[in-house]
Number of protein chains: 2
Amino acid sequence: MQDLAVYSILLEKEIAQIDFPKTPSNLYDPLRYFMQLGGKRMRPVLTFLGAELFGLKKEEVLNAALSVEVFHNFTLIHDDIMDEAPLRRAKETVHTKWNHNIAILSGDVLFVKAYQLLAKQDPKHLAELLHVFNRTAQEVCEGQQMDMDFESRSDVSIDEYVEMIRLKTSVLLGCALELGAIVAEASTEDRQHLYDFGQHLGIAFQIQDDILDLYADPEKFGKQVGGDVISNKKTLLNLKAKELANPVQRELLSQLETEQDLILKVSKTRDLFSDIGAREACEVEMQKHYDFAMNSLKQINVADQNKLSLIALADFVMQRDN
Amino acid sequence: MQDLAVYSILLEKEIAQIDFPKTPSNLYDPLRYFMQLGGKRMRPVLTFLGAELFGLKKEEVLNAALSVEVFHNFTLIHDDIMDEAPLRRAKETVHTKWNHNIAILSGDVLFVKAYQLLAKQDPKHLAELLHVFNRTAQEVCEGQQMDMDFESRSDVSIDEYVEMIRLKTSVLLGCALELGAIVAEASTEDRQHLYDFGQHLGIAFQIQDDILDLYADPEKFGKQVGGDVISNKKTLLNLKAKELANPVQRELLSQLETEQDLILKVSKTRDLFSDIGAREACEVEMQKHYDFAMNSLKQINVADQNKLSLIALADFVMQRDN
């Protein structure tokens, strides 16, 4: 996708220009470091696309776009503490490079920065921008809490799992798009359709993440294939497998959870998940959300031509192999 | 002060009515718990007083007032993690009663709640409310970081210390007042004077805290007298003592830091600080900020009668013995 690359370059430049005070350096150095670690910058691109869909130039929503990216990075800094993650994008996380307290506090001040950027948009849109942004921020926290709660539960349902990924990651994609549409002064109906498009594309994206984690081509996949299986993580694949397995298969699944030979564990689980039909079931679930997303996009009351970038983005998301 | 008590009762009722969702309970139960721990609710009272100073009813700024109180509680939850504090208002802190991750995340979502409450004010004031609120939130984080940085430094200057308490605690008092003035549509000059009043009264209040910690009447003081001395905390008293001590006194101060008999340590330090003139120097510093505050209040362009509540508040703050 040509567009995405062009937008990403613009965004990297703008992100590099977000100014943090020099002192206290223990508060702001971690933010300068973390905001430069890169990433796809997909969320602010969505805000651009949400505005352009309704004929508004991306420059008009730059601060809202940056706000979403900054908020996302705040959540990553705090999530990394909670997940005890040593690395983020192959670099040390803030709490590893500095310490826990600094990661908590620099995350907090980054969250403030997100609001400061949002507040740079025209005051006439501020109440609506804040309404969507606040609700989304709250939901993202709820999703993270559900994810943490799931670790110690053995009775997570598929509906709960999908609700968790919706809150933890997908609502922010819907929000990113809708902020662009708010500034473009789109109708309430169109805003809702666009939000739904983003939200359901996000769920499809996350389910694909689960599938790729086990079925990706190791040569193209950026991470270790089977990482979720090795850590016995509850993913949609795992939950679908448990749901669909017959008693013998369920026993095998249970045995594989304690298998010490990790290469064997991954390959046997992969074959078993396929035999059970878990992979296929996940693909059906993914397709359902993808279709919902595309149908929502279809209902937006603008010329089809304006939708091409979002369609290209959706294709890009669904055809990725890493 | 009659007024403060009346306002506090109203606020307790409103705070009890802030609604948090039922689930995820690990996210919201800590907030229901923490918001009910009480406290003086001084900050939201200030927002009421800031509005009333300009003839606006307190009901018109209720959401802004609650927003400030909620924000303050968010900072307490995160500060308690960073300070490893087991108790807050004689009850378990969130990270002790639940765990660190829950304290981080429920703090985050409480911060969102503060913005949600602020956003309930009339949209026409939102940009200005946000401007002051965001700047203050950022400064409070900076103050907390400075406070943490000071723990491992032996060269903290008195100016740095005053700047730290200004950021960590006093700007929020100025902000609380100014939010009320913004909704009351006070002039820019009057808003600034009111902010300065709150900020400098806050600094005076904090310096008095330092003094009371060592010189309070144990029968009236809520905490252990001399707690700061026992933990060798850098307070204004401590910094002034080091600044003013002669070489012999400085050596005595240094010896007292490692004194094992804590009762002796406190009483000897108290006498030494008085001999050195540290207590008096702190009182001079406190008076300076109190005078600045009262002078700022004087310059506000409203009838003297409207200022009586704020004058009573200032008297109350300065004459307290606990």
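Residues numbered from 1 in each chain as written. Chains lettered and ligands numbered in written order. Predicted model: local features only at pLDDT ≥ 70, side-chain atom pairs only at ≥ 80, totals over all residues.

Draft legend 1. How the structure looks around the overall build of chain A. Tallying secondary structure elements over chain A gives 15 helices and two strands in all. Compactness check: chain A gives a C-alpha radius of gyration of 20 Å against a globular reference of 20 Å for 322 residues, within 12% of the reference. Counting only C-alpha atoms, chain A reaches 60 × 50 × 35 Å along its principal axes. The buried share of chain A, reckoned over its 322 residues, is 49%. Sequence separation of at least 24 residues holds for 73% of the intrachain contacts in chain A that already meet a minimum separation of 6. (Helix = DSSP H or I, 4+ residues; strand = E, 2+ residues; numbered from the N terminus. Rg over C-alpha atoms; globule rule 2.2 N^0.38 Å. Buried ≥ 20, exposed ≤ 12 C-beta atoms within 10 Å, placed from the backbone. Contact = placed C-beta atoms within 7 Å.)

Draft legend 2. Local environment of the packing of helix α4 (residues 62-82) of chain B against helix α8 (residues 158-183) of chain B. Residue and element names in this part refer to chain B. Packing of α4 against α8 leaves a shortest axis separation of 10 Å and a crossing angle of 160°. Taken together, α4 and α8 sit at an angle that is classed as roughly antiparallel. For the crossing formed where α4 meets α8, the hand is right-handed. Across from A64, V68 and H72 in α4, the residues of α8 making contact are L172, C175, A176, L179, G180 and V183. When the residues that make up the contact of α4 with α8 are grouped by side-chain class, the tally is seven nonpolar, two polar and no charged. (Axes fitted to C-alpha atoms, helices over the stretch in contact; angles between N-to-C directions. Parallel < 35°, antiparallel > 145°, perpendicular 65-115°, else oblique. Left-handed = near helix turned anticlockwise from the far one by under 90°. Nonpolar A, V, L, I, M, F, W, Y, C, P; charged D, E, K, R; others polar.)

Draft legend 3. Structural detail: the relation of the copies chain A and chain B. Superposition record for chain A on chain B: RMSD 0.0 Å, screw rotation 180°, translation along axis 0.0 Å. Expressed as a symmetry operation, the mapping of one chain copy onto the other fits a two-fold axis. The share of interface residues of chain A whose copies in chain B are also at the interface is 100%, consistent with both copies meeting through the same surface. (Least-squares fit on C-alpha atoms with pLDDT ≥ 70 in both.)

Draft legend 4. Highlighting unusual backbone geometry. All names here are of chain A. The peptide bond linking T23 to P24 adopts the cis configuration, its omega dihedral lying at -5°. Positionally, P24 belongs in the loop between α1 (2-16) and α2 (25-35). With a phi close to 50°, E84 is a non-glycine residue in the positive phi region. Note on placement: E84 falls in the loop between α4 (62-82) and β1 (87-88). Located in the positive-phi region is N232, a residue other than glycine, with phi close to 50°. By the element assignment, N232 lies in the loop between α10 (227-230) and α11 (236-244).

Draft legend 5. Here's a closer look at the confidence of the model for chain A. When the pLDDT values of chain A are averaged, the result is 95; 99% of them are 70 or greater. Interface confidence for the predicted complex, given as ipTM, is 0.96, next to a pTM of 0.96. (pLDDT = per-residue confidence, 0-100.)

Draft legend 6. Main features of the nonpolar core. Core analysis: the biggest nonpolar cluster contains 190 residues, and A:L179 and B:L179 have the highest contact counts within it. In this structure, B:L179 is in contact with B:T47, B:G50, B:V61, B:A64, B:V68, B:L129, B:V132 and B:F133, ignoring residues within four places of it in sequence. (Core = buried A, V, L, I, M, F, W, Y, C linked by C-beta atoms within 7 Å.)

Draft legend 7. Examining the interface of chain A and chain B more closely. Tallying the contact residues gives 31 residues for chain A and 31 residues for chain B. Elements with a minimum of two residues in the side of chain A that touches chain B: α2, α4, α6 (100-118) and α7 (123-151) of chain A. The biggest single contributor to the side of chain A that touches chain B is α7(A), with 15 residues. Broken down by class, the residue content of the side of chain A that touches chain B amounts to 19 nonpolar, nine polar and three charged.

Draft legend 8. Representation of helix α9 (residues 188-215) of chain B. Its 28 residues place the ends of α9(B) 40 Å apart at the C-alpha level, agreeing with the 40 Å of an ideal helix rising 1.5 Å per residue. Counting buried residues in α9(B) gives 21 out of 28 residues, a clear majority hidden from the surface. (Expected span 1.5 Å × (residues − 1).)

Draft legend 9. Focus on the environment of B:E160. Residue and element names in this part refer to chain B. With respect to the element layout, E160 can be found in helix α8. The class for E160 is partly exposed, based on 15 C-beta atoms found within 10 Å. In this structure the C-alpha to C-alpha distance between E160 and D147, which are 13 residues apart in sequence, comes to 9.9 Å.

Draft legend 10. Expanded view of the packing of α8(B) against α9(B). Residues and elements named next belong to chain B. Two elements in contact, α8 and α9, have axes separated by 7 Å at closest approach and are oriented at 140°. Classed by the angle they form, the pair α8 and α9 counts as oblique. Our pair here, α8 against α9, has a crossing hand that is right-handed. Within the contact of α8 with α9, the residues separate by chemical class into 13 nonpolar, seven polar and five charged.

Draft legend 11. Main features of the environment of A:V229. Residues and elements named next belong to chain A. With respect to the helices, strands and loops of the structure, V229 is situated in helix α10. Take V229: there are 24 C-beta atoms within 10 Å of it, and that puts it in the buried class. Linking V229 and Y161, residues 68 residues apart in sequence, is a C-alpha distance of 16 Å. Discounting residues that sit within four places of it in the chain, V229 has contacts with L214, K265, V266 and T269.

Draft legend 12. Layout of helix α3 (residues 42-52) of chain A. Summarising burial for α3(A): 11 of the 11 residues are buried, a large majority. All of the buried residues along α3(A) are A:M42, A:R43, A:P44, A:V45, A:L46, A:T47, A:F48, A:L49, A:G50, A:A51 and A:E52.

Draft legend 13. Structural context of the environment of A:N295. Residue and element names in this part refer to chain A. Mapped onto the elements, N295 comes out in helix α14 (residues 278-298). Look at N295 and you get partly exposed, because 13 C-beta atoms sit within 10 Å. Once the C-alpha coordinates of N295 and F197 are considered, the two residues, 98 residues apart in sequence, prove to be 7.8 Å apart.

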